[in-house]
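Chain by chain, the residues:
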Amino acid sequence: MGYRVDIDRNGCINCGICMDVCPVEALDMSRPQGDGIEGLPAVPWLMEDPIQVGECVGCEICADQCPVHVITIATMSEPTPLAPRQGPLTRAPIVSDNGGWIPLSEATREVLKPSHRSPWGGAYRSRSARGADDRAPCQVACPAGTDAGRYVGLIRAGRFDDAYAVSAEVNPFPSVCGWICTAPCEAACRRGTLDEPIAIRTLKRAAVEHGTLPPVEPAAVRRSEEVAIVGGGPSGMSAAYYLARLGYPVTVFEAMPVPGGMMAIGIPEYRLPREVLRAEIDRIVALGVDLKLDMALGRDMSLTDLEASGYRAIVLATGASKSRRLGVPGDDLGGVVPATVFLKQVNLGEDPRLRGSVIVVGGGSTAMDAARSAIRSGADRVTIVYRRGRPEMPAQAEEVEAAEREGIMIADAIAPVAILGEDGAVVGFRGIRQRPIARPDGSAARYEPVADALVDFPASAVLVAIGEEPDPSILPEGAGIEISSWAGIVTDPTTSATGRPGVFAGGDVVSGPKTIIDAVAAGRRVAASIHASLAGVADGELEILRTVRYRTEPESSLELDLGVRGRARAPLPVVSLDTFRANQIGFDRETAQVEAARCFRCDAIEGCPTVRVIAGRGPADRSLRHVTPVGAMFEGGAR
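What you see as residue numbers is a count from 1 along each chain, following the sequence as written. pLDDT decides what is reported in this predicted model: residues at 70 or higher carry local features, side-chain atom pairs at 80 or more are listed and counted, and totals for whole chains, interfaces and linings draw on all residues regardless. Working from all heavy atoms in the structure, the side-chain values ignore hydrogens and water.

Student: Help me out: how do you make sense of the overall build of the chain in this one?
Tutor: Helix and strand assignments follow DSSP, with helices taken as H or I runs no shorter than four residues and strands as E runs no shorter than two, numbered in order from the N terminus. Helices and strands together make up the secondary structure of the chain, namely 21 helices and 22 strands. Burial status across the chain gives 52% buried among its 639 residues. Taking as baseline every contact in the chain between residues at least 6 positions apart, the subset at least 24 positions apart corresponds to 72%. Accessibility throughout is a Shrake-Rupley quantity obtained with a 1.4 Å probe, and a residue counts as covered only by protein chains that appear here. Surface exposure of the chain reaches about 28,300 Å², of which carbon and sulfur atoms provide 51%. Relative accessibility decides the category of a residue: with a 1.4 Å probe and only protein chains considered, values under 20% of the type maximum give buried, values over 50% give exposed, and everything between is partly exposed. The contact rule is simple, with two residues in contact once any of their heavy atoms fall within 4.5 Å.

Here is the structure:
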């Protein structure tokens, strides 16, 4: 596996710029092998074609600076073929009797040198100046835009306090995400092309567990415009965090007796310890946010009440916790329970007890959580039934593996047909086997029933986890807020504003169920729109980022380990089905630093003046240097 540098030699002008700017010296220029033109002897110092002589990190700086745009970077499923490095040239000194005159060849001889000057000089413009996104792939993939490369680099340097601060600058829930984020950053990690992606999520958790968050600076301006936020989940609390950082008085109304939304009532404690969540909620509240619990919109207050109380902006962030029904005969029996309701009972300490065989219908995270909680709540046997194949299950692979390790059975490619009952009680689940039908365009297969392939499972309870949706009943008729066909609130995609003046909405109540990090990003977008509206600023998002940014000095040197190294893995938790206590161990400091050292540092490699490759294919026997092009990405010192 690895990256291959492809060059269209028909358009190449053999200028050597790609060789000069490669920060890891993966490129060289070939030397003539035969006689030159008109039969003259070959000139040994002349450069001909670009060739790949070392491991590429996929940064695309060479492609970006190629004046004729003939370079592309391809991924390889096997080790990339490498040419031998051409090496420095040695020539006998030229003795001249021509008054000090030396041949042009002596003055223009080129070798691959450790000091790499920009071939463009002051005329160079960085990718960001030309409108391209010069962020690392992990940061681009994160919905909140977390600068993962920077905090990973700080962890490698043992600077856990700074790493914690960087991980928290655009995400008020870094510890929560360190436990349960779906980690889209890892799917985008360039290191995965060489061996395996960096364990970014676990490193974030390590930053929190081994670091101390520096105090948050008080808001520079104390504002008078009060904001009400309905919903204390990740989206609502994120909006509260950013607005409080900007100096707004914020009140959060949460319908549940605990804050955190589905983080608190939908995710079992063995996956997210309550003290971890509470610590991050407390940090937000400490900014001056007024948190009111057991206050539900439509029950304890109305939009009119909030408007009459003088709030200049109202945010609806009520989530999507209403479970969809199966829509098959028998789904109204007493033992058919929405998985979200069951998980709420578990997480609020109501201690629901199950017995016998339990069926969980669904293939996402909620289904996995419900299944693993069911077996801890007394079920003798738990089976997850999913209508598509194992590859299509939306749950993370590690969640599925954890469920199976705890003895939970997974029956895939089975769609529900009926819930079987006797005397009003559930006694079984009937499904029909499904088979995939390939699509001509190569997209994901759809499934169709196999005729007469019915299958029955005994069941004393059925937990339904086939999806959640918002509950529009919290809004009265005539509220002036449009509801979509699937029950979500319709907002302006640019401003997050609803059709009712002063009322905004964000998170799952607008998008439908998404991840926690998506909700965090949605909360920031809403906060930015409110700030733009109330303060009259042109770009609320930019104002927020300026406020929360934690600056660290740019690095003067980088060490890159390009040797094939498997990612570090935390020890598997001990299976304990009699408790909901968390038992997943994170990285110790040393393991975290070793894992962080695998990072290609896509966030900094273009702007760092010194790069040293310490392992990998290709030469690694000396420091490799390149000088940052003028105007490159880290302008103005600290970043």
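Here the narrative resumes.
Student: Looking at this structure, how should I read the sheet that holds strand β7 (residues 290–292)?
Tutor: One key point about sheets: their strands pair by backbone hydrogen bonds, in either a parallel or an antiparallel sense. Here the rule is simple: two strands pair whenever DSSP picks up at least two bridges between them. Spatial strand order, β7-β6-β5-β8-β19: five strands in an open sheet with parallel pairing. Since the sheet does not close on itself, it has two edges, and those belong to β7 and β19 (503–505), each with one partner. When the angles between neighbouring strand axes are averaged without regard to direction, this sheet yields 20°. In terms of strand pairing, strand β8 (residues 313–316) meets β19 through three bridges, oriented parallel. Counterpart to I314 in the pairing with β19 is V503. Set on the sheet, helix α19 (residues 516–535) makes contact with β5 (227–230), β8 and β19; between it and β19 the angle comes to about 160°. To define axes, lines are fitted to C-alpha atoms, for helices over the stretch in contact only, and angles between the resulting N-to-C directions are given on a 0 to 180 degree scale.

Student: Is there a simple way to think about the layout of surface pockets in this case?
Tutor: Gaps between atoms show up when a probe of the same size as a water molecule is rolled over them. Of the grid points, spaced at 1 Å and generated over the protein atoms alone, those admitting a 1.4 Å probe that cannot get out make up cavities, while open sets with protein on both sides within 12 Å along at least five of seven lines make up pockets; any residue with an atom within 4 Å of a point is treated as lining. Grid points are joined across faces, edges and corners, and a volume is the space filled by probe spheres set on the points. Computed from the structure, the second largest pocket encloses a volume of approximately 930 Å³. What lines the second largest pocket is a set of 38 residues, among which R201, T202, E398, P573 and Q584 lie closest to the centre. No other element matches the five residues that helix α17 (residues 397–405) contributes to the lining of the second largest pocket. Side-chain classes follow a simple rule in which Ala, Val, Leu, Ile, Met, Phe, Trp, Tyr, Cys and Pro form the nonpolar group, Asp, Glu, Lys and Arg form the charged group, and the remainder, Gly included, forms the polar group. When its residues are assigned to classes, the lining of the second largest pocket shows 17 nonpolar, seven polar and 14 charged.

Student: Which parts of the structure should I look at to understand the nonpolar core?
Tutor: Burial of nonpolar side chains together is a common tendency in soluble globular proteins. With 56 residues, the main nonpolar core has V24, I71, Y151, I155, L203 and I605 as its most contacted residues. Of all the elements, helix α5 (residues 148–156) adds the most residues to this core, at five residues. Filtering out sequence-adjacent residues up to four positions away, L203 remains in contact with Y151, V152, I155, I198, F587, A592, E595 and A596. Counting residues in each nonpolar core, the second largest holds 48 residues, with W179, A264, I265 and L534 among its members. By nonpolar core we mean a set of buried residues, namely Ala, Val, Leu, Ile, Met, Phe, Trp, Tyr and Cys, connected to one another through side-chain atoms within 4.5 Å.

Student: Sorry if this is basic, but what is going on with the packing of α5 against helix α21 (residues 589–596) here?
Tutor: Helix-helix packing: each pair is described by the crossing angle between the helix axes and the interaxial distance. Where α5 meets α21, the closest approach of the two axes is 8 Å, and the angle between their N-to-C directions is 125°. Our classification of the angle between α5 and α21 gives oblique. Handedness of the α5/α21 crossing: left-handed. Here V152, I155 and R156 of α5 lie close against α21, whose contacting residues are A592, Q593 and A596. Grouping the amino acids of the contact of α5 with α21 by side-chain chemistry returns four nonpolar, one polar and one charged. Here the word oblique covers every angle except those under 35 degrees (roughly parallel), over 145 (roughly antiparallel) and from 65 to 115 (roughly perpendicular). Handedness of a crossing follows from how the near helix is turned relative to the far one, being left-handed for an anticlockwise turn of less than a right angle and right-handed for a clockwise one.

Student: I tried to follow the packing of aromatic side chains on my own but got confused; where do I start?
Tutor: Given two aromatic rings, one states the distance between the centres and the angle between the planes to describe the pair. Put simply, two rings from Phe, Tyr or Trp (the six-membered ring, in Trp's case) pair if the centres are within 6.5 Å, and we call them stacked under 30 degrees between planes, edge-to-face over 60, tilted for the rest. On inspection of all chains with the given rule, the structure shows four aromatic pairs. Relative to Y242, the ring of Y241 has its centre 5.1 Å away and its plane inclined at 75°; by these criteria the two rings are edge-to-face. Look at Y241 and you get buried, because its relative accessible area is 2%. On the basis of an interplanar angle of 50° and a centroid distance of 6.3 Å, the ring pair of F429 and F457 is categorised as tilted. Here F457 lies in strand β16 (residues 446–458) and F429 lies in strand β15 (residues 425–437), a separation of 28 residues in the sequence. Note that R205 overlies the ring of W179, its terminal NZ or CZ placed 3.6 Å from the centroid. We count a charge as sitting over a ring when the NZ of a lysine or the CZ of an arginine lies within 6 Å of the ring centre and within 35 degrees of the ring normal. Stacked on the ring of Y270, the Lys or Arg R376 has its end atom at 4.2 Å from the ring centre.

Student: What's the story with the pattern of salt bridges in this structure? I'm lost.
Tutor: One side chain can pair with another of opposite charge once the charged atoms of both are near each other. By definition here, a salt bridge exists when the distance from a side-chain nitrogen of Lys or Arg to a carboxyl oxygen of Asp or Glu is within 4 Å. In total, this model carries 35 salt bridges according to the counting rule given. One salt bridge in this structure joins E55 and R617, with 3.1 Å as the shortest N-O distance. Remark: R617 occurs in the loop between β21 (610–615) and β22 (624–625) and E55 occurs in the loop between β3 (50–52) and α2 (61–65); sequence separation between them is 562 residues. Across the pair E406 and R376 runs a salt bridge whose closest N-O atoms are separated by 2.8 Å. Here the residue E406 occupies a position in the loop between α17 and β13 (409–411), and R376 occupies one in helix α16 (residues 365–376), the gap between them amounting to 30 residues. Taken individually, E406 and R376 each receive the classification buried, so the pair is uniform in this respect.

Student: Honestly, the sheet that holds β15 in this entry has me stumped. Any pointers?
Tutor: Strand order in the open sheet formed by three strands is β14-β15-β16, and the pairing between neighbours is antiparallel. Each edge of the open sheet is held by one strand with a lone partner, namely β14 (414–422) and β16. Neighbour-to-neighbour, the strand axes of this sheet turn through a mean angle of 20°, independent of strand direction. Judged from the eight bridges that link them, β14 and β15 form a sheet pairing that is antiparallel. Looking at β15, one finds that G421 is bridged to V426.

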